[in-house]
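Spelled out, the chains give:
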Amino acid sequence: AMLQASKVWEYLNNPEIAVAVLVGAILLFILQWTAILLEKMRGHTEVVLGERKHLFVVVHGFSGKPKQMDYLCKRLNQEEGIMAIPARCNWGPFGGWFSTGDGLDRGGRRLASEIREVVSTHPSLETISIFGDGVGGLYARYACGILYDKTKDTIVGLRPLNFVSLATPHLGVRRAFGPFHRFAARYLVGATGRQLLLEDSGSKKDPTAQPMLLRMSEEGSVFMQALHLFRHKSFYSDFGSVSDAMYVSALASTQEPTSLQALEKTSLEKINKELYPHVVSMHQDISLWEKDPAFRGRYPKDRMEYRIARNMGSLNVMRTTVHFHHDWMRSTWHSYRRWTADGQDIVDHIIGQLSGRRPVRIWVDGCFDMFHFGHANAFRQARTMGDVLVVGLNPDREVQKHKGGPPIMNDAERFEAVSACKWVDECIPDVPYMLDDVWMRRLFDKYQIDYIVHGDDPCFTSDGQDVYAMAKNMGRYKTVKRTEGVSTTDLVGRMLLMTKDHHQREEMSRRSSDCTPEDDIPASASTFLATTRRITQFSNNRVPKPDDRVVYVDGAFDLFHAGHIRCLKKAREQGDFLIVGVHRDDEINHHRGRNFPIMNLHERTLGVLSCRYVDEVIIGAPWEVTRDMIVTLNISVVVCGTHFKDCSPVDAHPSYNVPRSLGILRELESELALSTSEIVDRIVAHRADFESKFEKKSVKEAEYLRDKTYMVES
């Protein structure tokens, strides 16, 4: 070897040969850069075939090139409405070695800039999906964090649909590589290699900085918040391709299966082997693996990989395992062959699982007594997980049996309140509190339910059984964050601090003679924290057209109920655009008494905004309808129900003098006699029963608040 080396050295010492080699290397470098520049100058116009509304960005991996993604992009562009583009920003000379080796953060920023440019030149785009191959999945996650808009819950102004990664080392490669590969990754791959080895903690600017992959997985970070937005998230990994550690890293899991049989046995869906010969299994909730002896732990709890996997466990990701049956095919899992005929079935499987091809149906069930904005926010979050939201309503007898007492609102009132919520597509009455085998089969077969959703607070039957145990075991269960500061128990507590005399107008200025000092106390204060983001989430973001017939109705809308809903529905039928004015707390208190309203202005506003018949809300609307309001809002009709304000006749009410004089005041007959006062009366009439129930619920509420942990809201 030394003799051969000396001959080569002697050969290169010839000046003519050395110059020729140098010139050849320079020409090769120039040719590579010329090809790259020409490819980038092409832009992404070659895939635009008519108007496309769904942008699908395909990101290659380390030392890859956009051409490797051609087959996948071609298949995606055959789907209606999809514009698939291969990202070119991280492609460079020498196989992109330098372009993909300067760090996940730099590559992610380049990708974000490229996506912004594409979106700016295609105004018809409405939704976005991202696919990442290998390290490209990490670039995609970083770019999503940069492009995430907190105020609108969008990615670069588009609604996120699908995030798919294939063989992406979400947990890094520290345990997947041997000493030689770790050395190469550390010193030859550059910043990207050190980040994948989790050796990039600390820096000159910030010595306490955590490794990049750990920071990208922290709950509350923009990277995780952006990932939560995607309706469908899927991680693909190959069983036995490079190493077991690489397999679990691509799934973001702390457990690994002992065999292919263990995966197939626990698969969420039975895979059609004729269509997808290389697909083994699909798993939604891999936390179940910890309880199965067919799976063993990969990382101890004090390791960084375990922390990353645990953080990413809240993402509700579909984890799909593939397996190439021949060694030569398994060796090409991390090469271009998986995007050609060799892995065609995997490409077909990825496309078949995309959100938007078949409506994803979500199920939420419960009592929903005294329907409030906390219930509505749970529906809103659940609706983001699919396309159709189906709500099951527990009947009075089931509530009586499992919750220790009848609901305040009857079946019909609760059904009407739930059905009027704008995020609810279907409402199914008479659903049992505990979903048994028969009902589970009915959900999946008759109603075509994909996932069952509930809040992060525990739910048990009267005999202590977990209501959703079966759904959890099947991997069909998802969780949404409970809305802080409101619950039916809280509202009942506020009303229990009142007596019947407290909300009679004639007793407003004096203490009732038959009330004890303990009874005569103000209603409890709300602990709800009003934020602009919550208002934005509930808002419709609609404006009336110049020729729309605008209808205006105002009121307190306290304890938003079926009576209000009937009134708003009839008001909406009077025109094209309904504006609802919600009065201030002090105005209502002045006219109704010191214990009203039960709910504050922001709580009442959210209740009204959740109604499907409402287009816009004026928060803190003036008590009197003025000419300036009518002109400014282009109001055509002012509506008033027979049960309104302080219940004086509409013809004599001074707050409507202006619309009456203009001839645009309309009185609508209230179909329901239900009112806020009547709801309070129901509580007062059965005060002892509700106080007993309230005490029990308050204990459980305190336990939940004591043990609760932070959760990102959908």
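1. Observations regarding the overall build of the protein chain
Then comes step 1: When its secondary structure is counted, the protein chain shows 29 helices and 21 strands.
Then comes step 2: Per-residue burial for the protein chain yields a buried fraction of 54% across its 714 residues.
Then comes step 3: The long-range share in the protein chain, meaning contacts at least 24 apart out of those at least 6 apart in sequence, stands at 78%.

2. Quick look at unusual backbone geometry
Then comes step 1: A positive phi is found at A167, a non-glycine position, where the angle reads about 55°.
Then comes step 2: Tracing the chain through its elements places A167 in the loop between β6 (159-166) and α7 (179-187).
Then comes step 3: Phi at N541 takes a positive value of approximately 55°, unusual for a residue other than glycine.
Then comes step 4: Examined against the element boundaries, N541 turns out to sit in the loop between α22 (532-538) and β17 (550-555).
Then comes step 5: Classification of N541 as exposed rests on a relative accessible area of 64%.

3. Brief notes about the pattern of salt bridges
Then comes step 1: In this structure the tally under the stated criterion is 22 salt bridges.
Then comes step 2: Linking D586 and R584 is a salt bridge whose minimum nitrogen-to-oxygen distance equals 3.0 Å.
Then comes step 3: Using a relative accessible area of 46% as the deciding quantity, one classes D586 as partly exposed.
Then comes step 4: The class of R584 is partly exposed, set by a relative accessible area of 32%.
Then comes step 5: Where R584 meets E587, a salt bridge forms, and the shortest distance between an N and an O atom there is 3.5 Å.
Then comes step 6: Residue E587 is classed as buried on the basis of its relative accessible area, which comes to 17%.
Then comes step 7: One continuous salt-bridge network, built from bridges that share partners, spans R174, R303 and E305.

4. Some points on the side chain of D554
Then comes step 1: Tracing the backbone through its elements, the reader meets D554 in strand β17.
Then comes step 2: Reaching out from D554, the side chain makes a polar contact with the side chain of Y656 at a distance of 2.7 Å.

5. Overview of the pairing of strand β12 (residues 361-366)
Then comes step 1: Taking burial as the measure, the 6 residues of β12 include 6 buried ones, the bulk of the element.
Then comes step 2: Alternating positions in β12 separate into two faces, R361, W363 and D365 on one and I362, V364 and G366 on the other, with burial throughout.
Then comes step 3: Across 6 bridges, β12 lies against strand β13 (residues 388-393) in parallel orientation. Paired with G366 across the strands is L393, a residue of β13.
Then comes step 4: Regarding the hand of the β-α-β motif, the stretch spanning β12, helix α16 (residues 373-384) and β13 is right-handed.

6. Focus: empty space enclosed by the protein
Then comes step 1: The tally for this structure, following the rule as stated, stands at 3 cavities of 30 Å³ or more.
Then comes step 2: Counted as a void, the largest cavity has a volume near 90 Å³.
Then comes step 3: If you go around the largest cavity, you meet 14 residues; those closest to its centre are M370, F371, M409, F560 and H561.
Then comes step 4: At 3 residues, helix α18 (residues 411-419) tops the list of elements feeding residues into the lining of the largest cavity.

7. Section: the nonpolar core
Then comes step 1: Residues L76, M370, F379, V418, L568 and V580 are the most contacted members of the largest nonpolar core, which totals 91 residues.
Then comes step 2: No other element matches helix α23 (residues 562-572), which puts 5 residues into this core.
Then comes step 3: Among residues more than four places away in sequence, those in contact with L76 are F56, V58, I82, A84, I351 and L354.
Then comes step 4: If you look at the next biggest cluster of nonpolar residues, it comprises 68 residues, including V118, F235, W289 and L315.

8. Digging into the sheet that holds strand β14 (residues 426-428)
Then comes step 1: On the basis of which strands lie adjacent, the open sheet formed by 5 strands has the order β14-β13-β12-β15-β16 and parallel pairing. Here the strands that pair on one side only, and so sit at the sheet edges, are β14 and β16 (477-480). The sheet shows a mean angle of 30° between the axes of neighbouring strands, taken without regard to direction.
Then comes step 2: Of the pairings in the sheet, the one linking strand β15 (residues 451-455) to β16 comprises 4 bridges and is parallel in character. The residue bridging I452 from the neighbouring strand is Y477, located in β16.
Then comes step 3: Contacts from α16 reach β12, β13, β15 and β16 within the one sheet, and its direction differs from that of β13 by about 140°.

9. Considering a nonpolar patch on the surface
Then comes step 1: There is a patch of nonpolar side chains on the surface, built from F183, Y187 and L188 and spanning about 360 Å² of accessible area.
Then comes step 2: Along the chain, F183 falls in helix α7.

10. Quick notes on the packing of helix α21 (residues 488-496) against helix α28 (residues 676-685)
Then comes step 1: One way to put it is that α21 packs onto α28 with a least axis distance of 10 Å and a crossing angle of 80°. Put simply, α21 runs roughly perpendicular to α28. Contacts between α21 and α28 involve V492, M495 and L496 on the former and, on the latter, I679, V680 and I683.
Then comes step 2: Its residues assigned to classes, the contact of α21 with α28 shows 6 nonpolar, no polar and no charged.

11. With respect to the sheet that holds β17
Then comes step 1: Reading across from one edge, β19-β18-β17-β20-β21 is the order of the 5 strands in this open sheet, with parallel pairing throughout. Each edge of the open sheet carries a strand with a single partner, namely β19 (616-621) and β21 (665-668). Adjacent strand axes in the sheet meet at a mean angle of 25°, parallel and antiparallel pairs treated alike.
Then comes step 2: Two strands pair when backbone bridges link them, and strand β20 (residues 635-641) and β21 are joined in this way by 4 bridges, in the parallel orientation. Each bridged residue has a counterpart across the sheet, and for V638 the counterpart in β21 is L665.
Then comes step 3: Lying over the sheet, α23 contacts β17, β18 (577-583), β20 and β21, oriented at roughly 140° with respect to β18.
Then comes step 4: Sheet contacts for helix α25 (residues 601-609): β18 and β19; angle to β18, the most-contacted strand, approximately 160°.

12. With respect to the confidence of the model for the protein chain
Then comes step 1: Taken residue by residue, the protein chain gives an average pLDDT of 80. The fraction at 70 or more is 76%.
Then comes step 2: Ranking the elements of the protein chain by mean pLDDT puts helix α14 (residues 327-330) last with 46 and β18 first with 96.
Then comes step 3: Residue range residues 45-49 is modelled with pLDDT below 50. Its contacts to residues more than four positions away, or to other chains, number 7 contacts.
Then comes step 4: Note on residues 645-649: pLDDT under 50 across the span, and 11 contacts to partners over four residues away in sequence or across chains.

13. Re the packing of aromatic side chains
Then comes step 1: Counted according to the given criterion, the structure contains 10 aromatic pairs.
Then comes step 2: Considering the side-chain rings of W363 and W439, the 6.4 Å spacing of their centres and the 45° angle between planes classify their relative orientation as tilted. You can see W363 sitting in strand β12 and its partner W439 sitting in helix α19 (residues 437-445), a full 76 residues away along the chain. For the pair shown, W363 and W439 are each scored as buried.
Then comes step 3: By way of ring pairs, the aromatic residues W363, W439 and Y447 are connected into one cluster.
Then comes step 4: Between the NZ or CZ atom of R442 and the centre of the ring of W439, over which it lies, the distance is 4.5 Å.
Then comes step 5: Seen from the ring of Y451, K478 lies directly overhead, with NZ or CZ sitting 4.1 Å from the centre.

14. Focus: the pairing of strand β9 (residues 279-283)
Then comes step 1: Here β9 lies mainly inside the structure; 5 of its 5 residues are buried.
Then comes step 2: Alignment of β9 against strand β11 (residues 318-322), held across 4 bridges, turns out to be antiparallel. Bridge pairing links H283 to R319 in β11.

What counts and how
Residues numbered from 1 in each chain as written. Predicted model: local features only at pLDDT ≥ 70, side-chain atom pairs only at ≥ 80, totals over all residues. Heavy atoms only, no water. Helix = DSSP H or I, 4+ residues; strand = E, 2+ residues; numbered from the N terminus. Buried < 20%, exposed > 50% of the residue type's maximum accessible area, 1.4 Å probe, protein only. Contact = heavy atoms within 4.5 Å. Salt bridge = Lys/Arg side-chain N within 4 Å of Asp/Glu carboxyl O. Polar contact = N/O pair within 3.5 Å; in protein donor to acceptor, adjacent residues only side chain to side chain. Pairing = 2+ DSSP bridges. Right-handed = clockwise from strand over helix to strand, strands pointing away. 1 Å grid on protein atoms, 1.4 Å probe; cavity = no way out; pocket = protein on both sides within 12 Å on 5 of 7 lines; lining within 4 Å. Points joined across faces, edges and corners; volume = space filled by probe spheres on them. Core = buried A, V, L, I, M, F, W, Y, C linked by side-chain atoms within 4.5 Å. Axes fitted to C-alpha atoms, helices over the stretch in contact; angles between N-to-C directions. Patch = residues over 30% accessible without salt bridge, like charges linked within 9 Å, V, L, I, M, F, W, Y side chains within 5 Å. Areas by Shrake-Rupley, 256 points an atom, 1.4 Å probe, with all protein chains shown as cover. Parallel < 35°, antiparallel > 145°, perpendicular 65-115°, else oblique. Nonpolar A, V, L, I, M, F, W, Y, C, P; charged D, E, K, R; others polar. pLDDT = per-residue confidence, 0-100. Phe/Tyr/Trp six-rings, centres within 6.5 Å; stacked < 30°, edge-to-face > 60°. Lys NZ or Arg CZ within 6 Å of the ring centre and 35° of its normal.

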